[in-house]
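# Close look at the chain arrangement
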Amino acid sequence: MIGYDSAFIGGTLALTSFKNEFNWKQYSTAEANLITENIVSLYQAGAFFGALGAYALGHYLGRKKGLQVFSGIFILGAGLMLGANGSRGLGLIYGGRVLAGIGVGGASNLTPIYISELAPPAIRGRLVGLYEMGWQIGGVVGFWINYGVSVTMPADHAQWIIPFAIQLIPAGMMFIGLFFIKESPRWLITRGQRAKALKNLCWIRKLNTEDIYMLEEVAAIDAALEHQHATVGLGFWQPFQALWGDRKVSYRFFLGCSLFFWQNTSGINAINYYSPTVFKSIGVTGTNTSLLTTGIFGVIKAVVTLVWLFLLIDNLGRRNLLMIGALGGAICLFYVGAYIKIADPANHPSTSGKLSGGGISAMFFFYLWTVFYTPSWNGTPWVYNSEMFPQNVRTLGQAFAAASNWLFNFLVARFTEQMFTAMGYGVYFFFASLMICSVVFVFFLLPETKGVPLESMDRLFSKDLKPRNAHAIVMKELSEDEEMFRRNVEGSGIGLEKDNLAEKAAHLETV
């Protein structure tokens, strides 16, 4: 849902058929820009509130039922948009975009949490990354659908309504598929449904209750929950109290929201939502050509996401990816901005209708920016936020982080057209400079989370460890703890009953 909706809207609004249906010629450039920005940004506004609302649904209904509710809201919004036409005006599109945004916002909160709570630590980044992979596949479909309808269909109502209608396919598949998955064992334990939680966990891991891995994992979950019960508490409002009263939790909330600030100020959503405007600034002319160029951009993102998913996220780690991606991406954007400043393609278009040598080099650096950005800032902040919060504030933490993403996303979507009109090449310098600043932020403030169990995040983020050294220290401690646990458990006859595990598990949670 998220990837497709983020990708298709800009190209669909640029279609001649859409502009003709809603009599775009009656608007001045400023009015047309404002209407476009409103259509795009209402989606982010809805997503902001959906992300916050997901905390309540995730807490009371669980991850599975919460996702079903939000996919249902999305389907309602997508259906509303299909009722829009020239005589009814844009009202149904506005309303549908808000509802679709609420659905996407809630799903963007609960999906990474659900995956991280099911994933083994060694491949958690890769599994949460599948969420990002789905986003990119949806993006590729969204970009190429617009190109496909623009070159194969006449410029009529059906041409622009088809991209809107396709939104129903991923939402419907998600709604139906959720009936066949298991609820998060960690959430079930917090709700007192221990027997069902252990049954689900054994099914997910394909292990029996006596396996040493199961004993270790359940012991760590029990120890972490008992610590949270004794400190934060397990109720609905206690995480809010922890947010304001526990500086360790507040600090992680700050880091989570900041990651999405840096992600959105890299320029990615300006490109996702307004790709025709971006490519026009480089010198690409013609709607079809612009949509083709956008489609190539989507394919590159998807291919590089596969590399990130299978080779980078759980090997190179989160910190290194973010710093390398930001530095390389900044250099590329500086080049693109310098080319536009010097060549001024908007006022000196190519007489042949093709890109000049300089324009081709600018396009190369734009695509190179995509190669740097995609395996770093595109999906890694979602992985990081899904894993760094304690169990009882995880849904709230992810809610605030996801809401901050949609807030910054809204600001970019709402003002991008005006930024390009007012700043021109300066937009690229602006985003590049902020990417440089993000390198400093990551180096000094973010510890590496690769391979660290969720129940050990408190130790990783403790104030007595420097972020750049914390990972090595915690992994060494975990190795020592694991060796001691195995010596204590082997041959002892301990099972998954909570009372039997409590004493042996106490040392696994270091406060």
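Now for a quick tour of the structure. (Residues numbered from 1 in each chain as written. Predicted model: local features only at pLDDT ≥ 70, side-chain atom pairs only at ≥ 80, totals over all residues. Heavy atoms only, no water.)

The subject of this paragraph is the environment of Ala-401. Looking at where Ala-401 falls in the secondary structure, it is placed in helix H20 (residues 391-423). Judged by its relative accessible area of 0%, Ala-401 falls in the buried class. Each C-alpha atom of the pair Ala-401 and Cys-257 lies 4.7 Å from the other, and the pair is 144 residues apart in sequence. The contacts of Ala-401, once residues within four sequence positions are left out, are Gly-256, Cys-257, Phe-260 and Asn-385. (Helix = DSSP H or I, 4+ residues; strand = E, 2+ residues; numbered from the N terminus. Buried < 20%, exposed > 50% of the residue type's maximum accessible area, 1.4 Å probe, protein only. Contact = heavy atoms within 4.5 Å.)

Mapped onto the secondary structure, Thr-416 falls in helix H20. The exposure class assigned to Thr-416 is buried, which follows from its relative accessible area of 2%. If we ignore the near neighbours within four places in the chain, the residues touching Thr-416 are Glu-37, Ala-270 and Tyr-274.

As a further point, take the packing of aromatic side chains. Each aromatic ring pair is specified by the distance between its two centres and by the angle formed by the two planes. In total, this model carries 42 aromatic pairs according to the counting rule given. Aromatic pair Phe-175 and Phe-179: ring centres 5.6 Å apart, planes at 85°, arrangement edge-to-face. A ring pair is formed by Phe-364 and Phe-365, whose centres lie 5.5 Å apart and whose planes are at 90°; its orientation type is edge-to-face. Using a relative accessible area of 22% as the deciding quantity, one classes Phe-365 as partly exposed. Taken together, the ring pairs in this structure connect Tyr-4, Phe-8, Phe-18, Phe-22, Trp-24, Tyr-27, Trp-160 and Phe-164 into an aromatic cluster. Taking the ring centre of Trp-203 as reference, the NZ or CZ of Lys-182 above it sits at 5.1 Å. (Phe/Tyr/Trp six-rings, centres within 6.5 Å; stacked < 30°, edge-to-face > 60°. Lys NZ or Arg CZ within 6 Å of the ring centre and 35° of its normal.)

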